[in-house]
Amino acid sequence: MQVKPQPIRGMNDTLPDAAVTWRFLETVVREVIESYGYREIRLPLLEQTELFARSIGEATDVVEKEMYTFVDRDGDSITLRPEATASMVRAGISNGLLHNQRQKLWTNGPMFRHEKPQKGRYRQFHQIDVEAMGFAGPDIDAELIILCARMWQRLGIKRIWLEINSLGSSETREIYRNALIKYFSSVKNQLDDDSIRRLETNPLRILDSKNPDLQGVIEQAPNMLEFLDTESEAHFSQLKVALDAAGIEYRVNSRLVRGLDYYNRTVFEWVTDALGSQGAVCSGGRYDGLVQKLGGKTTPAIGWAMGVERLVMLYQTGGGQSPSNSPDVYLAMVGEPAERRGMDVAERLRDEIAGIKVEMNLGGGSFKSQLKRADKSGAQYALVLGDDEIENNCIGLKPLRSDEQQCSLAMERLIDTLGSKLN
Ligand code: ATP
Ligand code: MG
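Residues numbered from 1 in each chain as written. Chains lettered and ligands numbered in written order. Predicted model: local features only at pLDDT ≥ 70, side-chain atom pairs only at ≥ 80, totals over all residues. Heavy atoms only, no water.

1. Points about the overall build of the protein chain
Applicable threshold: Strands here mean DSSP runs of E at least two residues long; helices mean DSSP runs of H or I at least four residues long; both are numbered from the N terminus. With C-alpha atoms as the basis for the radius of gyration, the globule rule is written as 2.2 Å multiplied by the number of residues raised to the power 0.38. Note on exposure labels: buried denotes an accessible area under 20% of the residue type's maximum, exposed denotes more than 50%, and partly exposed covers the range between, all computed with a 1.4 Å probe on protein chains only. We call two residues in contact when some of their heavy atoms are within 4.5 Å. Note on areas: Shrake-Rupley, 1.4 Å probe, and residue coverage restricted to the protein chains presented here. Only four residue types enter the tally: Lys and Arg on the positive side, Asp and Glu on the negative side; His and the chain ends are excluded. For this purpose, a charge sits on NZ of Lys, CZ of Arg, CG of Asp or CD of Glu.
When helices and strands are counted, the protein chain shows 15 helices and 16 strands. Rg of the C-alpha trace for the protein chain: 28 Å, well past the compact-globule value of 22 Å for 423 residues, more than 25% over. A principal-axis box enclosing the C-alpha atoms of the protein chain has dimensions of 90 × 60 × 45 Å. Looking at the protein chain as a whole, 50% of its 423 residues are labelled buried. Here the analysis covers contacts within the protein chain between residues at least 6 apart in sequence; of these, 71% occur between residues at least 24 apart. As displayed, the protein chain offers around 21200 Å² of accessible surface, 48% of which is attributable to carbon and sulfur atoms. For the protein chain, the centre of its 52 positive side-chain charges and the centre of its 60 negative side-chain charges are spaced 2 Å apart.

2. So, the layout of surface pockets
Counted only if it meets this: In this analysis a 1.4 Å probe is tested at points of a 1 Å grid over the protein atoms alone, and where it fits but cannot get out there is a cavity; an open set with protein on both sides within 12 Å along at least five of seven lines is a pocket; lining residues have an atom within 4 Å of a point. Grid points are joined across faces, edges and corners, and a volume is the space filled by probe spheres set on the points. Just so you know the grouping, Ala, Val, Leu, Ile, Met, Phe, Trp, Tyr, Cys and Pro go in nonpolar, Asp, Glu, Lys and Arg go in charged, and all remaining residues, Gly too, go in polar.
Volume-wise, the second largest pocket comes out at about 580 Å³. The dominant element in the lining of the second largest pocket, judged by the number of residues it contributes, is helix α6 (residues 170–186), at five residues. Tallied by class, residues from the lining of the second largest pocket come to eight nonpolar, eleven polar and ten charged.

3. Focus on the packing of α6 against helix α7 (residues 193–201)
Note the cut-off: Helix axes are fitted only over the stretch in contact, all axes being lines through C-alpha atoms; the angle between N-to-C directions runs from 0 to 180 degrees. Helix crossings fall into two classes, left-handed where the near helix is turned counterclockwise from the far one by less than a right angle and right-handed where it is turned clockwise.
It is at 10 Å that the axes of α6 and α7 come closest, and there the two elements cross at 145 degrees. α7 is crossed by α6, and the crossing has left-handed handedness. Residues Arg177, Ile181, Phe184 and Ser185 of α6 touch α7, and the partners they reach there are Leu199, Glu200 and Thr201. For the contact of α6 with α7, a count of residues per class yields three nonpolar, two polar and two charged.

4. Quick look at α7
Operational definition: Here the arc refers to the directions that run from the helix axis out to each C-beta atom.
Of all the residues in α7, the buried ones are Ser195, Arg198 and Leu199. Viewed along the axis of α7, the buried residues span an arc of 115 degrees, placing them on a single side of the element. Exposed residues lying more than 90 degrees from the buried face of α7 are Asp193 and Glu200. Where α7 is buried, its residues meet α3 (61–66) and α6.

5. Details of the domain arrangement of the protein chain
For clarity, the threshold we go by: Domain ranges listed in this record stem from an automatic or a database domain assignment.
Parsing the protein chain into structural domains produces domain 1 (16–168 + 228–317) and domain 2 (329–422). Just the C-alpha atoms count here: the centres of domain 1 and domain 2 sit 48 Å apart.

6. Looking at the sheet that holds strand β6 (residues 124–133)
Cut-off, in case you're wondering: Only when DSSP finds a minimum of two bridges between them are two strands counted as paired.
The eight strands are arranged β1-β5-β6-β11-β10-β9-β7-β8 in an open sheet whose pairing can be described as mixed. Strands with a single pairing partner mark the edges of an open sheet, and in this sheet they are β1 (39–40) and β8 (251–252). Of the strand pairs in this sheet, β1 and strand β5 (residues 103–112) are connected by two bridges, and their pairing is parallel. Bridge assignment links glutamate 40 to a residue of β5, and that residue is tryptophan 106. Against the sheet, helix α5 (residues 139–155) touches β5, β6, β7 (161–166), β9 (264–271), β10 (280–286) and β11 (301–307), its axis set at about 20 degrees to β11. Contacts from helix α9 (residues 230–245) reach β7, β8, β9 and β10, with the element oriented near 160 degrees to β7.

7. What to know about the side chain of serine 232
Heads up, the rule is: Within 3.5 Å is the distance limit for a polar contact, defined as a pair of N or O atoms, with the added protein rule that one can donate a hydrogen and the other accept it, and that residues adjacent in sequence qualify only through two side-chain atoms.
Locating serine 232 in the fold gives a position in helix α9. The exposure class assigned to serine 232 is buried, which follows from its relative accessible area of 1%. Of note is the side chain of serine 232, whose polar atom sits 3.0 Å from the side chain of arginine 265.

8. Here's the deal with the pattern of salt bridges
Put simply, the rule is: Here, a salt bridge means any side-chain nitrogen of Lys or Arg that lies within 4 Å of a carboxyl oxygen of Asp or Glu.
For the structure shown, the criterion picks out 22 salt bridges. In this structure, glutamate 47 and arginine 90 form a salt bridge, with 2.8 Å as the shortest nitrogen-oxygen distance. Of this pair, glutamate 47 sits in strand β2 (residues 46–48) while arginine 90 sits in helix α4 (residues 85–94), and the two are 43 residues apart along the sequence. For glutamate 47, a relative accessible area of 8% corresponds to the buried category. Here lysine 65 and aspartate 61 are joined by a salt bridge, their closest N and O atoms 3.9 Å apart. You can see lysine 65 and its partner aspartate 61 sitting in helix α3, four residues apart, about one turn around the helix. Here lysine 65 falls in the partly exposed class, since its relative accessible area comes to 43%. A relative accessible area of 17% places aspartate 61 in the buried class. Via salt bridges that share partners, Asp61, Glu64, Lys65, Asp194, Arg197, Arg198, Arg205 and Asp208 belong to a single interconnected network.

See the structure below:
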């Protein structure tokens, strides 16, 4: 027996009933993002490996062990993008979008990370990504967070909370880094292998460890916020004032470091307790040094990325509804004249009633079997055409989901009647 083909582990098909929810959520999110003046940009899925190594950081989980990297036919090292910020900045530089300009951009699409697949964590996953380049903040920091709050509100999502932190400047981060190395070295016997390795390369990442056994040691670590420089401290307190003014609740979490290296000052995460240990729904932060690091002019910038799979799950666990993907009407036809006329009727409905979804019965069958299919299709109404209807220039209208009466309509009344029933 032949083996059934399987998708690659951690890469999912989004079937029609899920796809309709995805599209609904993406549409709402897009509307909210664009209502703040962000414009869509579309980027390639592949970039040169070096772009990610330089931006995300060599000593991060993503670059160390999660990237899909290969050598292409030209001998170049290519990587399937694990996130969008690096590509966004690259596009800003390659297209000259950042020369004395400010850009508010967003994009949406698949990202790839070779992680251990589990609920809410996949190898191909999707992000909606929003970036503002050329803005020093903290007003834009606040706006980007307020925008998220508006999304949750529009979608009726309630089980979500905001955590914020400031990573300070690169100088203070260096001082903090040394303090962390000193502290974690003193408790080295309590660390796990990953953390011992990070002690040398990237001690801040230890704070981000998900190992429950380490949480006690992490609790006792020096507090990042006590190391902030004056400007970063002012930036952070202005952000908090702006969030307070907007009525947005938050928790300051001085252990929030974020998994990628390019952040400074503001970092934040919208978290939920509804998705088990995959609690981060939307994460972001400021990356004032990245544009310059990748070869552009010094450009302050900030952005966030939201996991679409996690958004979908969170929306659904909260009881969120999606529009239907069923047809509005199913057209049943018996007899050759009816079949010929049916094609016209369906086309006219599509011409005259904006957005109507008409499914024609194809391949014949008795009225009984066609009405069974009509019911199964989820359509609101069946339209029925047989020899009698053709002779009398009328059409049967049979409600499938309500106790409205079935009736026979003169053909010229069909558009009006159906139009008002469906509106
Ligand atoms: P996590 O802590 O869950 O690994 P992260 O800090 O690696 O998340 P980011 O790189 O900031 O996440 O990506 C932004 C968002 O993308 C996350 O908040 C999450 O919603 C989503 N995300 C990240 N990795 C995955 C994945 N492997 N599968 C599904 N969604 C993901
Ligand atoms: Mg991660």
